Amino acid sequence: MSAPPAPWPALSREVVDRLKPYMAAISEEMIEEIYAGIAEYARPGDEAYGHHIRLGVEQAVQQFMVWVREPEKSRERVAEVFHTLGKVEAAEGRSLDSLQQAMRTASRIACRRLTEECERLNLTTRTVGALAEAIFVFLDEIAAAASEGYAKMRARSAGEMERRRLRLLDLLLAEPAAPRDAVAELARLAQWQVPRTVAAVALDEAGFQMPALPADVLSDLGRAQPCLIVPDPDGPGRPQMLDRALRGWRAAVGPTMPVSRAARSLHWARLGLQLARRDAGANGSGVFRCQDHMIDLIVHNSEELVDLLAATRLAPLADLRPHQRDRLSETLLAWLQHSRGAPEIAARLHVHPQTVRYRLRRIEELFGDQLQDPDTRFELEVVLRARRD
């Protein structure tokens, strides 16, 4: 950065040189105050960390003395030092607040001690004022440089963490399943606690807004078939969390499975999404839970076999007109599913009870003793459910 006009013309090189011998003692006081006043920096016995703090303070003091002595020169070196310091703080996982507090602590001590030394050396009030102004301008500049470095490192770290989480999601969805040790190691790097169970979620290509998902949910919304992996999907509040997060999206939640079978959960979730699209129409949204529709998923994953079974079990209806066949099929399915009397079935079908009684007598005529066999009734329900959908 280029230097603006210096706000401290009263600070001659002679003045700075006269203050220089006191800077080592001032640095020590800064270090002690930082340790005492900022909990994040208090690490008794940690020599490596203490060296890092000491180096930062000494660099600050050294750069200030160079900067205030020759303000007309480029300040790029000052910015570089504190830009790096900000990156180090972010890499160490400390907050920007602690770094800024340390800078304020150091500048307060520097201002007080240098003012005292100026008075002891009988320097003018104008010189003291210029020195104080220089300290605060310097603080603003180094704080800005450190903040920039901190933000860049955090962004880079966040990007790397996101890449690790995407790789972890890919690994969990691999078939055959990835080795447990490989999953555990990548999960550690991605800061993701491996759960006992997961459910995969298949999503349509776009929703109304980005879902607000908890940090433990792995997601990849950028792939051709967007998906999530939800840890502990049956835990307290988890289903409600997904309903809230996916409002406006069409989604299907696969069956809850062990982590090693996450890919199978996604397989069923994608089949469930197909059913959800067909049932809700092109513009529908909502969360389809595969565990609530297992029979439908089984049926629609075996359509050829269902067609063969239907040809046998529904043969008694084959000679009827299409309208008659549809009405009797609808009534037979309602009877198989509920096994209740005509009034209950009539209410479900929105017809008169006498109409239901007539249809049931006709069904008995066509199917005869087949309706007494439990296996036949089950097969009839399967094929009728498939035909209904």
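Residues numbered from 1 in each chain as written. Predicted model: local features only at pLDDT ≥ 70, side-chain atom pairs only at ≥ 80, totals over all residues. Heavy atoms only, no water.

Enquirer: It is not clear to me how the nonpolar core should be interpreted in this structure. Could you clarify?
Expert: Looking at soluble globular proteins, one finds that nonpolar side chains tend to be buried together. Within the largest apolar cluster, 42 residues are counted, with the highest numbers of intra-cluster contacts made by Leu19, Met30, Phe64, Phe82, Met103 and Leu114. For this core, the element with the most residues is helix α6 (residues 125–172), which contributes eleven residues. Non-local contacts of Phe64, meaning those with residues more than four positions away in its chain, are made with Leu114, Leu131, Ala134, Ile135 and Phe138. In terms of nonpolar packing, the next biggest core, distinct from the first, is built from 28 residues, Leu169, Leu186, Ala262 and Leu297 among them. (Core = buried A, V, L, I, M, F, W, Y, C linked by side-chain atoms within 4.5 Å. Buried < 20%, exposed > 50% of the residue type's maximum accessible area, 1.4 Å probe, protein only. Helix = DSSP H or I, 4+ residues; strand = E, 2+ residues; numbered from the N terminus. Contact = heavy atoms within 4.5 Å.)

Enquirer: Teacher, can you tell me more about the side chain of His83 here?
Expert: Position of His83 relative to the elements: it lies in helix α4 (residues 76–91). Ignoring any residue separated from it by four or fewer positions in sequence, one finds His83 in contact with Ala145, Ala146, Glu148, Gly149 and Lys152.

Enquirer: For this particular structure, what's the right way to read the packing of aromatic side chains?
Expert: Two descriptors summarise a pair of aromatic rings, namely the distance from one centre to the other and the angle between the planes of the rings. Enumeration according to the criterion identifies two aromatic pairs in this entry. Seen from their ring centres, Phe64 and Phe138 are 5.2 Å apart, and the 70 degrees between their planes marks the pair as edge-to-face. Of this pair, Phe64 sits in helix α3 (residues 47–69) while Phe138 sits in helix α6, and the two are 74 residues apart along the sequence. Across this residue pair, the class does not change: Phe64 and Phe138 are buried. Centroid distance Phe82 to Phe138: 6.1 Å. Interplanar angle 85 degrees. Geometry classified as edge-to-face. Of this pair, Phe82 sits in helix α4 while Phe138 sits in helix α6, and the two are 56 residues apart along the sequence. On the accessibility criterion, Phe82 (2% relative accessible area) is buried. (Phe/Tyr/Trp six-rings, centres within 6.5 Å; stacked < 30°, edge-to-face > 60°.)

Enquirer: Before we go on, may I ask you to explain the pattern of salt bridges in this structure?
Expert: Pairing of side chains with opposite charge becomes possible as their charged atoms draw close. Applying the stated rule across the entire model yields 20 salt bridges. Measuring nitrogen to oxygen at the nearest pair gives 4.0 Å for the salt bridge that ties Arg112 to Glu116. In this pair, Arg112 and Glu116 both sit in helix α5 (residues 96–120), four residues apart, roughly one turn of the helix. Residue classification places Arg112 among the partly exposed positions, given a relative accessible area of 35%. (Salt bridge = Lys/Arg side-chain N within 4 Å of Asp/Glu carboxyl O.)

Enquirer: I would appreciate a short explanation of the packing of helix α11 (residues 303–313) against helix α15 (residues 374–388) in the present structure.
Expert: Axis separation between α11 and α15 bottoms out at 9 Å; the angle between their running directions is 120 degrees. By the criterion of interaxial angle, the relationship of α11 to α15 is oblique. Seen from above, α11 lies across α15 with left-handed handedness. For the pair α11 and α15, contact is made by Val306, Asp307, Leu309, Ala310 and Arg313 and by Thr376, Glu379, Leu380, Val383, Ala386 and Arg387, respectively. Taken together, the residues of the contact of α11 with α15 break down into six nonpolar, one polar and four charged. (Axes fitted to C-alpha atoms, helices over the stretch in contact; angles between N-to-C directions. Parallel < 35°, antiparallel > 145°, perpendicular 65-115°, else oblique. Left-handed = near helix turned anticlockwise from the far one by under 90°. Nonpolar A, V, L, I, M, F, W, Y, C, P; charged D, E, K, R; others polar.)

Enquirer: Help me understand a nonpolar patch on the surface in this model?
Expert: A cluster of nonpolar side chains, contributed by Met294, Ile295 and Ile298, occupies part of the molecular surface with about 250 Å² of accessible area. Tracing the backbone shows Ile295 in helix α10 (residues 294–300). (Patch = residues over 30% accessible without salt bridge, like charges linked within 9 Å, V, L, I, M, F, W, Y side chains within 5 Å. Areas by Shrake-Rupley, 256 points an atom, 1.4 Å probe, with all protein chains shown as cover.)

Enquirer: Mind showing me how you'd approach the pairing of strand β4 (residues 250–253) here?
Expert: The two faces of the sheet receive side chains in turn, since in a regular strand these alternate between them. Neither face of β4 is left uncovered, since the one carrying Arg250 and Ala252 and the one carrying Ala251 and Val253 both have all their residues buried. Across three bridges, the pairing between strand β1 (residues 197–203) and β4 is antiparallel. Bridge pairing links Ala202 to Ala252 in β4. Here β4 runs beside strand β6 (residues 286–289); their pairing, made up of four bridges, is parallel. When the bridges of β6 are listed, Ala252 appears paired with Phe288. (Pairing = 2+ DSSP bridges.)

Enquirer: What is the right way to read α5 from this model?
Expert: End to end, α5 covers 36 Å across 25 residues, agreeing with the expected 36 Å (1.5 Å per residue, within 8%). Of the residues flanking the end of α5, it is Asn122, one or two places downstream, whose phi is positive at about 60 degrees. (Expected span 1.5 Å × (residues − 1).)

Enquirer: Is there a simple way to think about helix α12 (residues 322–338) in this case?
Expert: Working note: α-helix, 3.6 residues per turn, so residues spaced by three or four point in the same direction. Taking 1.5 Å as the rise per residue, α12 with 17 residues should run 24 Å; its terminal C-alpha atoms sit 24 Å apart, in good agreement. Taken as a whole, α12 has its buried residues at Leu328, Ser329, Thr331, Leu332, Leu333, Ala334 and Leu336. On its buried face, α12 is in contact with α13 (342–349), α14 (353–367) and α15.

Enquirer: Teacher, can you tell me more about the side chain of Asp220 here?
Expert: Counting through the fold element by element, Asp220 comes out in strand β2 (residues 218–220). Within polar-contact distance, the side chain of Asp220 engages the backbone nitrogen of Gly222 at 3.1 Å. Of the polar contacts made by the side chain of Asp220, one reaches the side chain of Arg223; its length is 3.1 Å. In contact with Asp220, not counting residues within four places along its chain, are Leu166, Leu169, Pro226 and Cys227. (Polar contact = N/O pair within 3.5 Å; in protein donor to acceptor, adjacent residues only side chain to side chain.)

Enquirer: It is not clear to me how the packing of α13 against α14 should be interpreted in this structure. Could you clarify?
Expert: Two packed helices can be described by the angle between their axes and the distance between those axes. Two numbers describe how α13 lies on α14: the axes approach to 8 Å, and their chain directions differ by 105 degrees. One way to sum up the angle between α13 and α14 is to call them roughly perpendicular. Along its contact with α13, which presents Ala342, Pro343, Ile345, Ala346 and Leu349, the element α14 presents Pro353, Val356, Arg357 and Arg359. Class assignment for the residues of the contact of α13 with α14 results in seven nonpolar, no polar and two charged.

Enquirer: What is the right way to look at the environment of Ala202 in this model?
Expert: With respect to the helices and strands, the residue Ala202 is situated in strand β1. A relative accessible area of 2% means that Ala202 is categorised as buried. Here the alpha-carbon distance between Ala202 and Leu228, two residues 26 residues apart in the chain, equals 6.8 Å. With near-sequence residues (within four places) excluded, Ala202 lies in contact with Pro226, Arg250, Ala251, Ala252, Leu266, Ala269, Arg270 and Leu273.

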